[in-house]
Structures are given as structure tokens and as C-alpha cells.
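Listed below, chain by chain, are the residues.
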Amino acid sequence: MKRALLFLVASALALAGASDRTGAKERKQRAESAVTEVKGSLFSGSESRLYDFGTLRADCTIPIADIRIVKAAEHGDVRFEEVKTVATANKSPLQKRCYGKPVDAVRMYYKANADFVGKDRIVVDMDSKLGSIWRVAFTVDVR
């Protein structure tokens, strides 16, 4: 009887562990599918702005985001700078209300190596400071 009970408990724990692994795998797949893809291009040896990071609040301000590089550029350098910019998106009601207003943002620049021609890829995570982290993958065509 004790053996049967121990077997049932061990089986239940094994199934729970398997479902945890499945859940972790599904969460990872969802996170990977939530990647925003951005494409850009520039000449070798030159620097270009790739992206402005920030998430609008209801009062049309943007908290300064934390940016972490997940995959660094292999054929160039990336730098970040806090800047003043203008809200230009106008798809959502909040974006429409804030359209044209000055906001703070973190701007990402990429400078390609002078001797490189081809594609480079950079992946970053942005903590919006509003309760979410966004992954953005950049593919840069260097000519």
C-alpha cells in the first residue's frame, strides 16, 4: 500500500515537473515570437540612427528606458544617447493625443566597420519602466 501511494505521489510530481518544463518552453516561444524586427541600412564606415526607445505615459511623457544588449553587433559599434524627440506615431488614441509633443527617449546609433559589407544583427531588450520588457532585433544592411 505504501509503495502504491509513493508511486502515485512520484508520478504526480513527475507529471507536474513535465508540465513546468512544457510551460517554460511555451513561455520562451511566446517571448521569442514577441520580438519586434527593425531593418536599416547604411554605408560601411558611417554611423546612423537606428531607433528611438520609449513608451508613452498618459501624460505624454516617456520614462527613460533601460536598454540591455542581448546580441552585440559583430561588424560595428552600437551606442545609446538620451535625447529630446517628438512623438510621431499616431495609431492609438494616446499616440494621437501626444502627436507632435516633445518627449525624452533613448536613441540607438550604429556605426559599421569601414571594411565591412553585408548584414549585421543586433538584439536588445528595453525595460519600458511601465511594467514591460520589449525585445527588438535589428538587421542592418551595410553597403
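Residues numbered from 1 in each chain as written. Predicted model: local features only at pLDDT ≥ 70, side-chain atom pairs only at ≥ 80, totals over all residues. Heavy atoms only, no water.

Before going further, it helps to spend a moment on the state of the cysteines. Under the counting rule described, the total for this entry stands at one disulfide. Disulfide pairing is shown between C60 and C98; the S-S distance is 2.0 Å. Measuring the twist about the S-S bond at about -85°, one finds the C60-C98 disulfide to be left-handed. Taken together, the residues span a long stretch of sequence, with C60 in the loop between β2 (47-53) and β3 (66-71) and C98 in helix α2 (residues 93-98) at a distance of 38 residues. The buried category is assigned to C60, whose relative accessible area is 8%. Since its relative accessible area comes to 0%, C98 is described here as buried. (Disulfide = S-S within 2.5 Å. Helix = DSSP H or I, 4+ residues; strand = E, 2+ residues; numbered from the N terminus. Buried < 20%, exposed > 50% of the residue type's maximum accessible area, 1.4 Å probe, protein only.)

Our focus in this paragraph is the side chain of T139. Considering the arrangement of structural elements, one finds T139 in strand β7 (residues 133-142). Dropping the residues within four chain positions of it, T139 is found in contact with E37, V38, K39, G40, K119, D120 and R121. (Contact = heavy atoms within 4.5 Å.)

The next subject is the pattern of salt bridges. Close approach of charged atoms allows side chains with opposite charge to pair. One pass over the structure, following the stated rule, counts 10 salt bridges. With a shortest N-O distance of 3.4 Å, E74 and K71 are connected by a salt bridge. Overall, E74 belongs to the exposed group, its relative accessible area being 56%. Judged by its relative accessible area of 32%, K71 falls in the partly exposed class. In this structure, K84 engages D104 in a salt bridge whose closest nitrogen and oxygen atoms are separated by 3.1 Å. Of the two residues, K84 sits in strand β4 (residues 76-86) while D104 sits in strand β5 (residues 102-112), which places them 20 residues apart along the sequence. Overall, the relative accessible area of 30% leaves D104 in the partly exposed class. (Salt bridge = Lys/Arg side-chain N within 4 Å of Asp/Glu carboxyl O.)

Another point: the sheet that holds strand β6 (residues 118-127). In space, the four strands of this open sheet follow the order β1-β7-β6-β3, with mixed pairing throughout. The open sheet is flanked by β1 (36-42) and β3, the only strands paired with a single partner. With strand direction ignored, the average angle separating the axes of adjacent strands in the sheet is 30°. (Pairing = 2+ DSSP bridges. Axes fitted to C-alpha atoms, helices over the stretch in contact; angles between N-to-C directions.)

In this section: unusual backbone geometry. The residue C60 is not glycine, and still its phi comes out positive at about 65°. Notably, K129 is not glycine yet its phi reads approximately 65°, a positive angle. Relative to the assigned elements, K129 resides in the loop between β6 and β7. Looking at K129, the relative accessible area reads 41%, which means it is partly exposed.

Sheet topology places β3 next to β6; five bridges connect them, and they run antiparallel. Within β6, the residue paired with I67 across the bridge is M126. One ladder, built from 10 bridges, connects β6 with β7; its direction is antiparallel. Paired with V124 across the two strands is V136, which belongs to β7. A loop of five residues connects β6 with β7, the two strands running antiparallel in sequence, and K129 in this loop sits at a positive phi of about 65°.

With that settled, consider the confidence of the model for the protein chain. Per-residue confidence for the protein chain averages 82 on the pLDDT scale, and 77% of its residues sit at or above 70. Scored below 50 in pLDDT, residues 1-20 makes zero contacts in the model with residues more than four places away or belonging to other chains. (pLDDT = per-residue confidence, 0-100.)

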